[in-house]
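Coordinates in review
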Amino acid sequence: DALWISANSLFNTVPTENPDEILISGFASQKSIKSLRIPEKINGKTVVGFTDGAMSAIHDAHAGHIIIPDTVKTVGKGSFMNIDLGHLEFEGAISTLGESSFEACSHLEHLKLGDGLETIPYRCFFGASELSLIDIPEGVTLIDENAFSSCAALQAAVLPSTLETIADGAFFDSALSVIFFKGTDAQFDALD
């Protein structure tokens, strides 16, 4: 039996500078939800992202599967932190990430990162233990400290030619064994 709940009652939102867009700022339901599709629009306004800590009210008893629509481009600090989901699916590309956005999302397997992304921030995917491959898009110049630490299943990474710095511990305690770098040997040797 499916339970249909209005998006207006399920999410708290805040406006952006664009009057036609909003950010999700909170999850208001205490009901057990097995599958949750974030709506593209709430009250006629396009959902373009999540504020810091927006989904922190979700616990693994509340949602097993979350689908993020392609209208979402921004994920704030700690937005999905500590959510032990069965599956997190992105239909589009994320272009802005906050620190610890997906920290301790132990079942995050796949993530599509978007054009315009410049930094993989501090502890962004720390403890995302099911993440096995990461393809970092062109334009990213920094993979910050502990960005992919404790990603036990992470075996392969595709790094962009624009990458300038891989901070200390960025891939600490991962199973990383294959790195494909899209730039030249000289660019790779020049990485910090």
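Refer to the structure above for everything that follows.
Computed from a predicted model, the values in this text were never measured in an experiment. (Residues numbered from 1 in each chain as written. Predicted model: local features only at pLDDT ≥ 70, side-chain atom pairs only at ≥ 80, totals over all residues. Heavy atoms only, no water.)

1. Some thoughts on the nonpolar core
Note the following rule: We define a nonpolar core as any set of buried Ala, Val, Leu, Ile, Met, Phe, Trp, Tyr and Cys residues linked to one another through side-chain atoms lying within 4.5 Å. The rule is simple: take the accessible area with a 1.4 Å probe, protein chains only, and divide by the maximum for that residue type; under 20% is buried, over 50% is exposed, in between is partly exposed. Numbered from the N terminus, helices here are DSSP runs of H or I no shorter than four residues, and strands are runs of E no shorter than two. Between two residues, a contact is recorded if the distance between any of their heavy atoms is within 4.5 Å.
Among the nonpolar cores identified, the biggest contains 49 residues, and Met-55, Phe-80, Phe-102, Ile-120, Phe-125 and Phe-148 are the most heavily contacted of them. Of all elements in the fold, only β2 (21-27), β5 (45-50), β6 (65-68), β8 (87-90) and β13 (156-159) reach the threshold of two or more residues within this core. Element by element, the count of residues in this core is highest for β2, at three residues. With residues near it in sequence (within four places) discarded, Phe-148 still touches Ile-120, Phe-125, Leu-131, Ile-134, Ile-136, Ile-143, Leu-154, Ala-170, Phe-171, Phe-172 and Ser-174.

2. Focus: the packing of aromatic side chains
How two aromatic rings sit relative to each other is given by the distance of their centres and the angle of their planes. The condition is simple: Pairing of aromatic rings covers Phe, Tyr and Trp, the last counted by its six-membered ring, and requires centre-to-centre distances within 6.5 Å; plane angles under 30 degrees mean stacked, over 60 mean edge-to-face, and any other angle means tilted. Working rule: Lys NZ or Arg CZ, within 6 Å of ring centre, within 35 degrees of ring normal, means a charge sits over the ring.
A full pass over the atoms with the stated rule returns seven aromatic pairs. Between the aromatic rings of Phe-125 and Phe-148, the centroid separation amounts to 5.1 Å while the plane-to-plane angle is 5°, which identifies the pairing as stacked. With Phe-125 in the loop between β10 (119-120) and β11 (133-135) and Phe-148 in the loop between β12 (142-143) and β13, this residue pair connects regions lying 23 residues apart in the sequence. Each member of the pair Phe-125 and Phe-148 is classed as buried. Through successive ring pairs, a cluster of aromatic residues spans Phe-50, Phe-80, Phe-102, Phe-125, Phe-148 and Phe-171. Lying over the aromatic face of Phe-126, Arg-123 brings its terminal NZ or CZ to 3.8 Å of the ring centre.

3. Here we look at the environment of Ile-42
Mapped onto the elements of the fold, Ile-42 is located in strand β4 (residues 41-42). The exposure class of Ile-42 is buried, given its relative accessible area of 4%.

4. Observations concerning the sheet that holds strand β3 (residues 35-37)
Where strands meet in a sheet, backbone hydrogen bonds hold them as pairs that are either parallel or antiparallel. To keep it simple, the criterion reads: Any two strands between which DSSP finds at least two bridges are classified as paired. Every axis in this analysis is a line fitted to C-alpha atoms, fitted for helices over the stretch in contact. Angles between the N-to-C directions lie between 0 and 180 degrees.
The strand order across the open sheet formed by three strands is β3-β6-β8, and the pairing between neighbours is parallel. The sheet is open, and its two borders are formed by β3 and β8, each paired with just one other strand. Ignoring strand direction, the axes of neighbouring strands in this sheet form an average angle of 10°. Two elements, β6 and β8, share four bridges in a ladder whose sense is parallel. Across the sheet, His-65 pairs through a bridge with His-87, a residue of β8.

5. Quick look at the side chain of Thr-71
We apply this condition: N or O atoms closer than or at 3.5 Å make up a polar contact, with two conditions inside protein: a donor-capable atom paired with an acceptor-capable one, and, for residues adjacent in sequence, both atoms drawn from side chains.
You can see Thr-71 is positioned in the loop between β6 and β7 (74-75). Reaching out from Thr-71, the side chain makes a polar contact with the backbone oxygen of Val-47 at a distance of 2.7 Å.

6. Re the pattern of salt bridges
Heads up, the rule is: One speaks of a salt bridge when a side-chain nitrogen belonging to Lys or Arg is within 4 Å of a carboxyl oxygen belonging to Asp or Glu.
Counted under the stated rule, the structure contains three salt bridges. With a closest N to O distance of 2.7 Å, Arg-123 and Glu-103 form a salt bridge. Taken together, the residues span a long stretch of sequence, with Arg-123 in the loop between β10 and β11 and Glu-103 in the loop between β9 (96-97) and β10 at a distance of 20 residues. A relative accessible area of 8% means that Glu-103 is categorised as buried. A salt bridge links Lys-182 to Asp-135, with the nearest nitrogen and oxygen atoms 3.8 Å apart.

7. Some words on the environment of Arg-37
Tracing the backbone shows Arg-37 in strand β3. Arg-37 sits 28 residues away from His-65 along the chain, and the two C-alpha atoms are 8.2 Å apart. Apart from the residues lying within four places of it in its own chain, the contact partners of Arg-37 are Ile-67, Pro-69 and Glu-91. For Arg-37, the side chain forms a polar contact with the side chain of Glu-91, separated by 2.6 Å.

8. Thoughts on the sheet that holds β10
Reading across the sheet, the three strands line up as β10-β12-β14 and stay open at both edges, with parallel pairing between neighbours. Edge strands, defined here as strands with exactly one partner in the open sheet, are β10 and β14 (165-166). Strand direction decides the pairing type here: β12 and β14, joined by two bridges, are parallel. Residue Leu-142 lies in a different strand from β14, and its bridge partner there is Thr-165.

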